Each structure stands twice: as C-alpha cells, then as structure tokens.
Amino acid sequence: MFEIEYEFQENDLIHFNEMLYMKNEEIQKNLTKTRWIVPGLMGLIGAFYYFYYNDINTSIYIIVIATLWAVFSPKIMRLDFHRQILKSYTDKEKKAMFGTYTLTIDPANPKFLLEKSPSGKNKMAFEDLVRVEYGKRYVYIFITLDTALVIPVEAVKSGDLEKFAEQVDQMIQRAA
C-alpha cells in the first residue's frame, strides 16, 4: 500500500495559485504593460519637462518615480494577489483546507486515490485525475486543469513521495 502524509499550509495555497497566475499569458501581458508602459510614459513626461520647461528637478523627480514604479510594481502586485487569494476563502473553508493530509493507494481497490484531510475523507477515481506535475519544491496531482492536490516536498511527514507520485502517475496513465 502506497501512502504519504503531509502538511498543507497557507503558503502552499498561495504558491499554487501564483503558479497558475504566472502561466496565464494574458496576465503576463498585463503585468508587462503595467511594469513598462506606465514608467515609459512617465519618462516621456519627464523629458518633456526637461526640454520644454528646462526644469531638471521636476524631470528627475518624475524619472525617479517611474524607475521606482518599474522596480516595485511587480512586488506590490504580488503581495496584493496573495492578500486576494487568502481573502477569497472564509475561515471555515481555511480550517477545512489547511492541516494534515494523508493520500493512499489501496492495492485492494487500485481504482481510487483515497484522501484523508481536515475536510474529511474523499475518494478520487484515477480516471478522473488529469496528471501529475513535478516542481522544485512541490508535486501537483491535478484533479482538474486548475485544481490540484499540492504536496510540498519539505512537509511530507511519512512515506516516499517520489515513489508515490510515480505510482499515481502510472495509475492515471492506465485509467486514461
């Protein structure tokens, strides 16, 4: 019987949503626009003040603000995104989501991945699972295209995560 036990926390949820967020091409385009177009326009305004009014102090002030915008706007947007993720869940949902998870592949019933979590016990058919992805610090078992069981490598308390993930991947492939 393959089984792993791990701890799922707020930072793991934020990481997963941020990963999905960063893979979205439209969001990436908007981030690029926000990061470079606004400071570019501000730079043009600063140049205008310098050449038209010959006001170097105002020009430097505007260009410094534009540079700060280009450097810090992605970090500020990321912090705001983290806040929005956590705000989108109620305290009850968070309580049911964060905590100790146990995933099991029972050899007696190899068609299901069994999950024991703070929200209760769940049974997921391998044919309904999408894929297994490996990250640097996480393993993701995708339930749908944008929903996954996020397993932080460092938070695994018991079991062999690598063997477990390989077995789940094989089971998904067989069921497909």
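From a predicted model like this one, the values you see are computed outputs, not experimental measurements.

Quick question: what am I supposed to make of the overall build of the chain here?
Broken down by element type, the chain carries five helices and eight strands. Listed N to C, the secondary structure of the chain is β-α-α-α-α-β-β-β-β-β-β-β-α in terms of helices and strands. Relative to a compact globule of 176 residues, whose C-alpha radius of gyration would be 16 Å, the chain shows 23 Å and is clearly more extended. Here the chain holds 176 residues, and the buried ones make up 34% of them. Put simply, of all contacts in the chain between residues at least 6 apart along the chain, 55% involve residues at least 24 apart. As displayed, the chain offers around 11,500 Å² of accessible surface, 57% of which is attributable to carbon and sulfur atoms. Once the 21 positive and 23 negative side-chain charges of the chain are each reduced to a mean point, those two points are 2 Å apart.

Honestly, the sheet that holds strand β7 (residues 147–152) in this entry has me stumped. Any pointers?
Strand pairing in a sheet is mediated by backbone hydrogen bonds. Such pairs are either parallel or antiparallel. Here we have three strands laid out as an open sheet, ordered β5-β6-β7, and antiparallel in their pairing. The open sheet is flanked by β5 (131–134) and β7, the only strands paired with a single partner. Going from strand to strand, the sheet's axes swing by 20° on average, the running direction of each strand aside. Two strands pair when backbone bridges link them, and β5 and strand β6 (residues 138–144) are joined in this way by four bridges, in the antiparallel orientation. Within β6, the position partnered with V132 by the bridge is I141. Strands in contact with helix α1 (residues 10–23) are β5, β6 and β7; relative to β6, the strand with the most contacts, it is inclined by about 70°. This element, helix α5 (residues 161–175), spans β5, β6 and β7 of the sheet and lies at about 145° to β5.

Explanation requested: the nonpolar core in the structure shown.
In summary, soluble globular proteins display a tendency toward joint burial of nonpolar side chains. If you look at the biggest cluster of nonpolar residues, it comprises 35 residues, and the most contacted ones within it are L103, L113, I141 and V168. For this core, the secondary-structure elements that each account for two or more residues are β1 (2–8), α1, α3 (56–87), β2 (99–105), β6, β7 and α5. The dominant element in this core, judged by the number of residues it contributes, is α5, at six residues. Dropping the residues within four chain positions of it, V168 is found in contact with I105, L113, F126, V132 and I141.

Rules behind the numbers
Each residue is numbered by its place in its chain's sequence as written, counting from 1. Per-residue local features are limited, in this predicted model, to residues with pLDDT of at least 70; the limit for side-chain atom pairs, both in listing and counting, is 80 or more; totals at the level of whole chains, interfaces and linings are taken over all residues. Hydrogens are left out, water is left out, and the side-chain values use all remaining heavy atoms of the structure. Going along the chain from the N terminus, every DSSP run of H or I of four or more residues is numbered as a helix, and every run of E of two or more is numbered as a strand. The size measure is the radius of gyration over C-alpha atoms, and the globule rule it meets is 2.2 Å times the number of residues to the 0.38 power. Classification of residues uses two cut-offs on accessible area relative to the type maximum, computed with a 1.4 Å probe and protein chains only: under 20% is buried, over 50% is exposed, and between them is partly exposed. Note on definitions: a residue-residue contact is assigned when non-hydrogen atoms from the two residues lie within 4.5 Å. To measure how exposed things are, a 1.4 Å probe is used in the Shrake-Rupley method; for residues, cover is taken only from the protein chains shown. Positive charges are assigned to Lys and Arg, negative charges to Asp and Glu, while His and the chain termini are left out of the count. A single reference atom marks each charge: NZ on Lys, CZ on Arg, CG on Asp, CD on Glu. Each pair of strands is called paired provided DSSP finds at least two bridges between the two strands. Note on geometry: axes are C-alpha line fits, over the in-contact stretch for helices, and angles between N-to-C directions span 0 to 180 degrees. Put simply, buried Ala, Val, Leu, Ile, Met, Phe, Trp, Tyr and Cys residues joined by side-chain atoms within 4.5 Å make one nonpolar core.

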